[in-house]
Amino acid sequence: MKNCILLCVILAATLNLTQLTAQQSIGFTDEIALKLSALPLNCIDQEYPNKPGHTYGSADEVGLSPKALHPVFYGCFDWHSSVHGHWMLIRLLKTKPNISNKNEIIAKLNSSFDKSAIEVEKEYFTKYVTGKGFERTYGWAWLLKLDEELVSWDNPMARQWHENLQPLTKQIIELWREYLPKQTYPNRTGVHPNSAFALGFAIDWARECDDKEFEKELIKKSVYFYGDNTETPAHLEPDGADFFSPSLEIADLMRRILSRSDFEKWLNTFYTQKGIERISEIPVVSDLSDYQTVHLVGLSFSRAWCMKGVAKSLSNGHPLKSHFEETAQKLLNNALPLVFDGNYGGEHWLASFALMALE
């Protein structure tokens, strides 16, 4: 009770501003869906510029192009952005079945989910010198989100795409289960290696696919990493190129694995006044054309979807519930127009983050 009273006092100073800036809500309209879909459609087949993240093990590999290494997920600048670009197109087909470029999206996905190409993607993780650590765990998490989207869709096309993807999905699960016991410490950064983000997506997949053993392992590790965390230093967020809030990713993970009452007790000691104030601010993006600085647009989106997820898990009387709902809308309203105002540094990935926040 004492902690809840403290939170009420903390929020009083910021709530009025949040209410004012969230009045004009941006919704997930057909028009926005169409505009967002154009971004992954335009880059899934765009091979360059490219950041392959490949470690050369011999001179024989030097001449390999991104497409030779990754015949499916070679576009959109890097592997993980291509993966979540594919996820986004599938999600749009499910939620906006009458989207005007539906046929173009289906044709693109039919081309991508080719059995032989997926086999090459799978082999990458065991064929090359550092393949087992490639895209660990950010890209792994998005691959599972992609698979989760397919397995949860009762649609003939989705069933075929899901079947074709299974060799790669199973490879990722095998690698993750091998790695998880060895992961002694969490990664608390605000960029790709963040552990809480990946654990949350993996738990979602395990539940959708009824993989209870993997789910159990993920939950055990999550509690070990974050179960006793208090007074997290969220007042130090963000770093200069963050697209995640380390503290909100942890909160969004813990709401998945704790009961409502236990989660509220945990959350009440997790944040400080300074931390809540800090993560409620709109990130300042000084240069949309800079490939690193533009990450801060994504930070608004990921904060928004985490705040929405946390808010849904809180009881109506909890002081953070309405604050997070309203702040999420404020962040979304500010960030969405910026998706279309920069260059390829944002265009190759931000649409997926926007869709996560919109929903």
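Every value quoted in this text rests on a predicted model; they were computed, and no experiment measured them. (Residues numbered from 1 in each chain as written. Predicted model: local features only at pLDDT ≥ 70, side-chain atom pairs only at ≥ 80, totals over all residues. Heavy atoms only, no water.)

Asks: Help me understand the packing of helix α8 (residues 156–179) against helix α10 (residues 212–226), please; the structure alone is not making it clear to me.
Replies: Axes are the key here: two packed helices are described by the angle between their axes and the distance separating the axes. At a minimum axis distance of 11 Å, the contact between α8 and α10 shows a crossing angle of 40°. Comparing the axis directions of α8 and α10 gives the class oblique. Note that α8 runs across α10; the crossing there is left-handed. Only Glu-213, Phe-214, Glu-217 and Leu-218 of α10 make contact with α8, whose side of the interface consists of Ile-173, Trp-176 and Arg-177. (Axes fitted to C-alpha atoms, helices over the stretch in contact; angles between N-to-C directions. Helix = DSSP H or I, 4+ residues; strand = E, 2+ residues; numbered from the N terminus. Parallel < 35°, antiparallel > 145°, perpendicular 65-115°, else oblique. Left-handed = near helix turned anticlockwise from the far one by under 90°. Contact = heavy atoms within 4.5 Å.)

Asks: For this particular structure, what's the right way to read the nonpolar core?
Replies: Generally speaking, a soluble globular protein has its nonpolar side chains buried in company with each other. Counting residues in each nonpolar core, the largest one holds 109 residues, and the members touching the most others are Leu-143, Trp-176, Leu-267 and Phe-301. In contact with Phe-301, not counting residues within four places along its chain, are Leu-332, Ala-335, Leu-336, Val-339, Leu-350, Phe-353, Ala-354 and Ala-357. (Core = buried A, V, L, I, M, F, W, Y, C linked by side-chain atoms within 4.5 Å. Buried < 20%, exposed > 50% of the residue type's maximum accessible area, 1.4 Å probe, protein only.)

Asks: Which parts of the structure should I look at to understand the pattern of salt bridges?
Replies: Side chains that carry opposite charge are capable of pairing whenever their charged atoms lie near each other. Under the defined criterion, the tally for this structure stands at 17 salt bridges. Salt-bridge contacts for Asp-252 lead to Arg-255; the nearest nitrogen and oxygen are separated by 2.8 Å. In this pair, Asp-252 and Arg-255 are both assigned in helix α11 (residues 246–257), three residues apart and thus about one turn of the helix distant. Residue classification places Asp-252 among the buried positions, given a relative accessible area of 3%. In this structure Arg-255 comes out as partly exposed when scored by relative accessible area, which is 25%. In this structure, Arg-278 and Glu-281 form a salt bridge, with 3.4 Å as the shortest nitrogen-oxygen distance. What makes Arg-278 partly exposed here is its relative accessible area of 33%. (Salt bridge = Lys/Arg side-chain N within 4 Å of Asp/Glu carboxyl O.)

Asks: Hey, could you run me through the state of the cysteines in this one?
Replies: Each disulfide consists of a covalent bond between the sulfur atoms of two cysteine residues. Inspection of the entire model under this criterion finds one disulfide. For Cys-43, the disulfide goes to Cys-76, at an S-S distance of 2.1 Å. Between Cys-43 and Cys-76, the disulfide has an S-S torsion of 80° and is therefore right-handed. Residue Cys-43 is located in helix α2 (residues 30–43), and its partner Cys-76 is located in the loop between α3 (66–69) and α4 (79–95); the two are separated by 33 residues in the primary sequence. Judged by its relative accessible area of 2%, Cys-43 falls in the buried class. (Disulfide = S-S within 2.5 Å.)

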